[in-house]
There are 2 protein chains.
Amino acid sequence: MKFYRIDFKPTGKSGKCRDDQSLLDCAHQAGVDMVSICGGHGRGNCCKVRVLGGAVSEPTANELKAFSSQELKEGWRLACQTYPKGDLELLVPPGSMTTMQRLQVEGFDIDVAPDPAVQAHNICLTAPSMSDLQADAERILGELRNQGVNCSTIDIEVLKTASPLLRAWGWEAKVFVKANEIVAIGPQSGRQLGLAVDLGSTKIAAYLMDLKSGKTLAAKGAMNPQFAYGDDIVSRLSFVLEKKGGGKLMQKVVVDELNRLLFELCDEVSARPDEVVESVIVGNTAMHHLLLRLPIEQLASAPYVPVVKDAVDIKARDLGLDIAPGTYVHILPNIAGFVGADHVAMLLSTKGIWQKEGLVLAVDIGTNSEVSLIDGDEIASVSCASGPAFEGAEIKDGMRAAAGAIERLRISDNIIDYLTVDKVRPIGICGSGVLDAVAQLRLAGIVNKSGRMLNNHPRVHDDEARREFIIAEGEKNEFPAITITQKDVRAIQLAKGALRSGIEVLLSARGRSSGEIDKVIIAGAFGSYIDISSAMTIGMLPALPLDCFEQVGNAAGMGAKLALISRSKRMEAQDIASKVHYIELAAAPDYVKILVEATGVDEY
Amino acid sequence: MKFYRIDFKPTGKSGKCRDDQSLLDCAHQAGVDMVSICGGHGRGNCCKVRVLGGAVSEPTANELKAFSSQELKEGWRLACQTYPKGDLELLVPPGSMTTMQRLQVEGFDIDVAPDPAVQAHNICLTAPSMSDLQADAERILGELRNQGVNCSTIDIEVLKTASPLLRAWGWEAKVFVKANEIVAIGPQSGRQLGLAVDLGSTKIAAYLMDLKSGKTLAAKGAMNPQFAYGDDIVSRLSFVLEKKGGGKLMQKVVVDELNRLLFELCDEVSARPDEVVESVIVGNTAMHHLLLRLPIEQLASAPYVPVVKDAVDIKARDLGLDIAPGTYVHILPNIAGFVGADHVAMLLSTKGIWQKEGLVLAVDIGTNSEVSLIDGDEIASVSCASGPAFEGAEIKDGMRAAAGAIERLRISDNIIDYLTVDKVRPIGICGSGVLDAVAQLRLAGIVNKSGRMLNNHPRVHDDEARREFIIAEGEKNEFPAITITQKDVRAIQLAKGALRSGIEVLLSARGRSSGEIDKVIIAGAFGSYIDISSAMTIGMLPALPLDCFEQVGNAAGMGAKLALISRSKRMEAQDIASKVHYIELAAAPDYVKILVEATGVDEY
């Protein structure tokens, strides 16, 4: 029996494992929470890993079935079928991690030299006396001038606190300067913190950053509390348009939640919220407008124009965010009515990937999906109303990716293997599970390419007016059966059709075909859960080698971090936003034809 | 009987009068509310006018007594003793008007070409469409760029309202730009208003201005409500230092009062407060700090340093002022701990006077008096703690200049002539009355030059431990007697001594003597009430020809107006503030000697 060292990238975890342990067992032993649907029988096709370095066992029959020869050549394997034969370096793609693991906000550090918009300067002043009666403000500005710092004004909130603080600190302090304004003051020993936020319509991810080192000090995620007033953007906008005070309420709940996250993040590293001297927030255009309490009437009806496209800098106090009150919140620019700052942030953080490829598709999948096609120096974007099916909504047994949600599923003849979040008894099925289910039903020939569910399997039932496929049998009076209905399949068809048609419009506008795509970047939480093979099976994503896909997780949050710690990255974001050519789907030639084709259930 | 036309400058009033009417009667007939203490017997010496043009009767014995030959040559006369002999142009100095007349906020228009810091631009936009999806903000900024206006950002409060307004107004609007920011938006038919405020420790004067024409549309005065928490600056600062929440309260009451004045002013001309697109506020350094809620510890103890000296621009919403919320309040610069923006404003508005003279004294008399000596291009300032006696406080029967206050007083042997505010039965004596009383007691030989009250007049009584002079006899159980006590004389001595010593320190620092002064500018409410002759009699002001004195009324308010309607005037204010050399009295050589000399009661 031999022991090998295995590194699991990008988790940072590693462990010593025996040669008779599968890579899946090794992962679990090392604390890497990988998916295992079938319990290691090789049916699951879900525990994909890529061997980056080192020797492993030969592929099994299951693996030969699961991967193309090209994929095998690239090192793709099923972790439950593969055994180490030496020290290994493995890549665990986000899609092979369990939901809860993937839900966690990313904490990886960034490889960019910090150069934040808010700069810190230490100052040592002479105390005033009867022979030196200079006012405190001019004393500070004079010292900065002596240091060659271009700064001419001091925020009123800094003026309100600086005088007693300077005296308490013996006339030594650290001042924080943005453009030509002092926005905060602290002791020389103090920190220079920043808050990056990805404000999603479903989830909020918040990161506390050290602006000097560029390091992520703490990260936290939470549900967007606006959810209580509408599952999706459209219903939230309706709420605001219809309810008096709705806009105010919608802003309040989200700012309250941001403040709660801010306090928790600070608490984690024993910092005070007023040590945070800048924040960058990204979100889609609707989240952006609701956060800033901008009017939304013109966003909710044709031609769907945002109030503002450019980046907005707003005083933290004007937003109600409890960071240092004289500092700014920077909101990245939007692209159009339904392609927002979050997509800009995603393009910013994945620039390193798409810049070196030829034809790249960057996809953010959600209730509203944004897709960009990057062709050299040209970027075109569309917004696809993919609807809430991907989020598990409008699906008979659909649910969010919470405990008991079936998140992965495989059908082998009459055996249904599935995996639930937190590995408890299933109580519903979440988006990635529904996607798997439809793909598996299609592969099993139970759903045909037009999306019709055939009554050709013992688990298909015609119940009243409803045809459905039973995934998990119910238990009387306690757990109802979990099924996928014909209607659920139709909902997924509409969702994937909307997304795929957007991709096709982009390709058509550039005169390119899907086969020419070099790389597909898939961002966002849902995009990280899904099994790419399933998405290809139903034609949601173009059929390409697995290697072409990169699931990058919360790229919008990463973009927010970059814009927080680097002025040049912030300028790049503005540059990206102004460069993108937005294409309105409804106005695209042959759109209906493209959409009809895209709603089929077949690989293409 | 002949009729002559008489113009009363600077009131703007005129009338036709008979040749057998005294100039005083003519004034009253024309609606000019001139002082008359003695009822026209020529004893009062208070109804001074200056004949600027036209023929009048020969001087009476009373007038020959009241004026020097030089003064008579300059046209100075007593209005009750003089009769017209042709059409006349008369100058009525502020000191010859009744208190209530003088208390009224000035409404004279300004002779400066309007060039406000906030500029208005009309814009006409193309409505967005499916083929023109530009965001509203970029659409507005693009149009301004087309017009050659340098503007790159829009305040968040404007963003919050512009989109529905633009649609309601058919894509036509007027935008208000300060520096490179849109701070407000209105319909093209809308006005461009401004609010100028002189925030005194006792009184607030507020002016609603048309920024386009430079005209004063409405003016209102009110008491400073901070008065409830302290008569004078020192007690208000103590209140803030000692009471938890005192600073917040002190700011709130004054901002509430400013908002009340704003609403009343707007109401008067059927305007909305959000049509006001900028405000300029001036006040002394303490009022400035309390308004902005700046810390005051360092202002209240040596070396008495303000938080900030330079002009402050603060968003109206950050101050809580209910003008258009994206606009700014501009606070003029301070000079030093106790020489504030109000003095800068006074120097600004009187620049036309002092610039053409050689050696000029500019005096703002109050609980705290500020004095500047302008010698060509050099300006030096002092702050004198003259105390509250001039305001009628700490005087036995002292009161503010309200109905029933004796404001003017003359002693002729045993006859006491006096004038009360609103001409009702006397209930007390206000600052100008006390000043007159001490001067008249000195002239009558009842008070000697060291300030001692002698028992040499039937009206002098030694009551218990108190020696006093009875001005008005009391009526049993209803009206007590009104008296001037020895202690009152001492209080006035301290007040005038503080002021005069400041003047002497300034002169001494320049190596000049009081006889060399070409002009004395006296600003502020109290300075406008006082009888200059009385002030000279007791040595409060240097003995100079009457012609050297110019009582300019609320010059600080006028300075605020100038800085509101003219960018170059605003720059001049900054220039004046930076040029002034502040002299700390306590540190001046021989200060104690100068102070002792200045507290005597004698002309010098």
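The structure presented is a predicted model; accordingly, all values stated were derived computationally and were not measured. (Residues numbered from 1 in each chain as written. Chains lettered and ligands numbered in written order. Predicted model: local features only at pLDDT ≥ 70, side-chain atom pairs only at ≥ 80, totals over all residues.)

**Some words on the overall build of chain A**
Moving on, step 1. Tallying secondary structure elements over chain A gives 20 helices and 27 strands in all.
Moving on, step 2. Its C-alpha radius of gyration of 26 Å places chain A within 12% of the 25 Å reference for a compact globule of 604 residues.
Moving on, step 3. Taking the principal axes of the C-alpha coordinates as reference, chain A spans close to 95 × 65 × 55 Å.
Moving on, step 4. Within chain A, residue pairs in contact and separated by at least 24 positions form 69% of the contacts whose partners lie at least 6 positions apart. (Helix = DSSP H or I, 4+ residues; strand = E, 2+ residues; numbered from the N terminus. Rg over C-alpha atoms; globule rule 2.2 N^0.38 Å. Contact = placed C-beta atoms within 7 Å.)

**A word on the environment of Gly559(A)**
Residue and element names in this part refer to chain A.
Moving on, step 1. Structurally, Gly 559 can be placed in helix H18 (residues 555-565).
Moving on, step 2. A sequence separation of 287 residues divides Gly 559 from Arg 272, and the C-alpha atoms of the two residues are 24 Å apart.
Moving on, step 3. When near neighbours in sequence (up to four residues on either side) are disregarded, Gly 559 contacts Val 282, Ala 345, Met 346, Leu 348 and Ser 349.

**Digging into the sheet that holds strand S23 (residues 466-472) of chain A**
All names here are of chain A.
Moving on, step 1. Taking strand neighbours across the sheet as the criterion, the three strands line up as S22-S23-S24 in an open arrangement whose pairing is antiparallel. Of all the strands in the sheet, just strand S22 (460-463) and strand S24 (482-485) have a single pairing partner and so form its edges. Here the average twist between neighbouring strands, direction ignored, is 40°.
Moving on, step 2. Here helix H15 (residues 486-510) sits on the sheet in contact with S23 and S24, set at roughly 60° to S24. (Pairing = 2+ DSSP bridges. Axes fitted to C-alpha atoms, helices over the stretch in contact; angles between N-to-C directions.)

**With respect to the nonpolar core**
Moving on, step 1. Membership of the largest hydrophobic core comes to 384 residues, with the highest contact counts inside it found for Ala345(A), Val438(A), Ile471(A), Ala345(B), Val438(B) and Ile471(B).
Moving on, step 2. Once you skip the residues sitting within four places of it in the chain, Ala345(A) turns out to touch Val282(A), Leu332(A), Ala556(A), Gly559(A), Ala560(A), Ala563(A) and Ala573(A). (Core = buried A, V, L, I, M, F, W, Y, C linked by C-beta atoms within 7 Å. Buried ≥ 20, exposed ≤ 12 C-beta atoms within 10 Å, placed from the backbone.)

**Considering the interface of chain A and chain B**
Moving on, step 1. At the interface, 33 residues of chain A touch 33 residues of chain B.
Moving on, step 2. Counting residues per element, the side of chain A that touches chain B draws most heavily on helix H6 (residues 156-168) of chain A, at five residues.
Moving on, step 3. Partitioning the side of chain A that touches chain B into residue classes produces 21 nonpolar, three polar and nine charged. (Nonpolar A, V, L, I, M, F, W, Y, C, P; charged D, E, K, R; others polar.)

**Details of the relation of the copies chain A and chain B**
Note that the two copies of the chain are related through a rotation about an axis and a translation along the same axis.
Moving on, step 1. When chain A is brought onto chain B, the operation consists of a screw motion whose angular component is 179° and whose axial shift is 0.1 Å, with 0.3 Å RMSD remaining. In symmetry terms, the pair is related by a two-fold rotation axis. The C-alpha atom lying nearest the rotation axis in chain A is that of Asp318(A); the distance is 4.4 Å.
Moving on, step 2. Comparing interface residues between copies, 100% of those in chain A also lie at the interface in chain B; the contact surface is shared. (Least-squares fit on C-alpha atoms with pLDDT ≥ 70 in both.)

**Thoughts on the confidence of the model for chain A**
The predicted coordinates ought not to be read in detail in places where the model reports low pLDDT.
Residue and element names in this part refer to chain A.
Moving on, step 1. Per-residue confidence for chain A averages 91 on the pLDDT scale, and 98% of its residues sit at or above 70.
Moving on, step 2. Note that residues 101-108 has pLDDT below 50 and, in this model, 24 contacts with residues that lie over four places away or in other chains.
Moving on, step 3. Interface scoring of the predicted complex returns ipTM 0.84; its pTM is 0.84. (pLDDT = per-residue confidence, 0-100.)

**A few points about the domain arrangement of chain A**
Residue and element names in this part refer to chain A.
Moving on, step 1. According to the domain assignment, chain A contains domain 1 (3-92), domain 2 (118-186), domain 3 (193-331), domain 4 (351-385 + 498-598) and domain 5 (389-492).
Moving on, step 2. Put simply, the middle of domain 1 and the middle of domain 4, counted by C-alpha atoms, are 29 Å apart.
Moving on, step 3. Domain 1 puts seven residues into the contact, and the matching count from domain 4 is five residues. (Domains from an automatic or database assignment.)

**Considerations on the sheet that holds strand S3 (residues 48-53) of chain B**
Strands in a sheet are paired, the pairing made by backbone hydrogen bonds, and the direction either parallel or antiparallel.
Residues and elements named next belong to chain B.
Moving on, step 1. What the five strands build is an open sheet, ordered S2-S1-S5-S3-S4; its pairing is mixed. On the outer flanks of this sheet lie strand S2 (13-18) and strand S4 (76-78), each paired with one strand and no other. Neighbour-to-neighbour, the strand axes of the sheet open up by a mean angle of 35°, direction not taken into account.
Moving on, step 2. Of the strand pairs in this sheet, strand S1 (residues 3-9) and S2 are connected by six bridges, and their pairing is antiparallel. Each residue of the ladder has a partner; that of Phe 8, found in S2, is Lys 13.

**Section: unusual backbone geometry**
Moving on, step 1. Residue Pro303(A) is reached from Ala302(A) by a cis peptide bond, and omega for that bond is 0°.
Moving on, step 2. Positive phi outside glycine occurs at Asp422(B), with the angle close to 65°.
Moving on, step 3. As for its placement among the helices and strands, Asp422(B) is situated in the loop between strand S20 (415-420) and strand S21 (428-429).
Moving on, step 4. Judged by local crowding, Asp422(B) falls into the exposed class, with 11 C-beta atoms found within 10 Å.
Moving on, step 5. The phi torsion at Lys423(B) lies on the positive side, around 55°, for a residue other than glycine.
Moving on, step 6. Mapped onto the elements of the fold, Lys423(B) is located in the loop between S20 and S21.

**Quick look at the packing of helix H14 (residues 431-443) of chain A against H15(A)**
All names here are of chain A.
Moving on, step 1. The contact between H14 and H15 brings their axes to 10 Å, and the two run at 105°. Viewed along their axes, H14 and H15 adopt a mutual orientation that is roughly perpendicular. Along its contact with H14, which presents Val 434, Leu 435 and Val 438, the element H15 presents Asp 488, Val 489 and Ile 492.
Moving on, step 2. Taken together, the residues of the contact of H14 with H15 sort by class into five nonpolar, no polar and one charged. (Parallel < 35°, antiparallel > 145°, perpendicular 65-115°, else oblique.)

**Structural notes on the pairing of strand S8 (residues 172-178) of chain B**
Residues and elements named next belong to chain B.
Moving on, step 1. Extensive coverage of S8 is indicated by the burial of five of its seven residues.
Moving on, step 2. In this sheet, S8 lies alongside strand S6 (residues 118-124) in antiparallel orientation, the contact comprising seven bridges. Of the residues in S8, the one forming a bridge with Gln 119 is Val 177.
Moving on, step 3. Two strands pair when backbone bridges link them, and S8 and strand S9 (residues 181-186) are joined in this way by five bridges, in the antiparallel orientation. The partner of Val 175 across the bridge, within S9, is Ile 185.
Moving on, step 4. Remark: two residues form the turn of the hairpin made by S8 and S9, two consecutive strands paired antiparallel; Ala 179 in that turn has positive phi of roughly 50°.

**Observations regarding the environment of Leu217(B)**
All names here are of chain B.
Moving on, step 1. One can find Leu 217 in strand S12 (residues 216-223).
Moving on, step 2. Its 18 C-beta neighbours within 10 Å are what place Leu 217 among the partly exposed residues.
Moving on, step 3. Note: C-alpha distance between Leu 217 and Gly 553 (336 residues apart in sequence) is 19 Å.
Moving on, step 4. Setting aside anything within four residues of it in sequence, one finds Leu 217 in contact with Leu 208, Met 209, Asp 210 and Val 269.

**Overview of helix H14 (residues 431-443) of chain B**
Residue and element names in this part refer to chain B.
Moving on, step 1. Over its 13 residues, H14 extends 18 Å from the first C-alpha to the last, a length consistent with the 18 Å expected when each residue adds 1.5 Å.
Moving on, step 2. Counting buried positions along H14 yields twelve of 13 residues, so the element is predominantly enclosed.
Moving on, step 3. All buried positions along H14 are accounted for by Gly 431, Ser 432, Gly 433, Val 434, Leu 435, Asp 436, Ala 437, Val 438, Ala 439, Gln 440, Leu 441 and Arg 442.
Moving on, step 4. With its phi angle positive at about 75°, Gly 445 sits one or two positions after the end of H14. (Expected span 1.5 Å × (residues − 1).)

**Things to note about helix H5 (residues 136-146) of chain B**
All names here are of chain B.
Moving on, step 1. Residues of H5 that are buried: Asp 136, Ala 137, Arg 139, Ile 140, Leu 141 and Glu 143.
Moving on, step 2. Those residues of H5 that are buried lie in contact with S6, strand S7 (153-154), helix H6 (156-168), S8 and S9.
Moving on, step 3. Gly 148 sits one or two residues past H5 and shows a positive phi near 80°.

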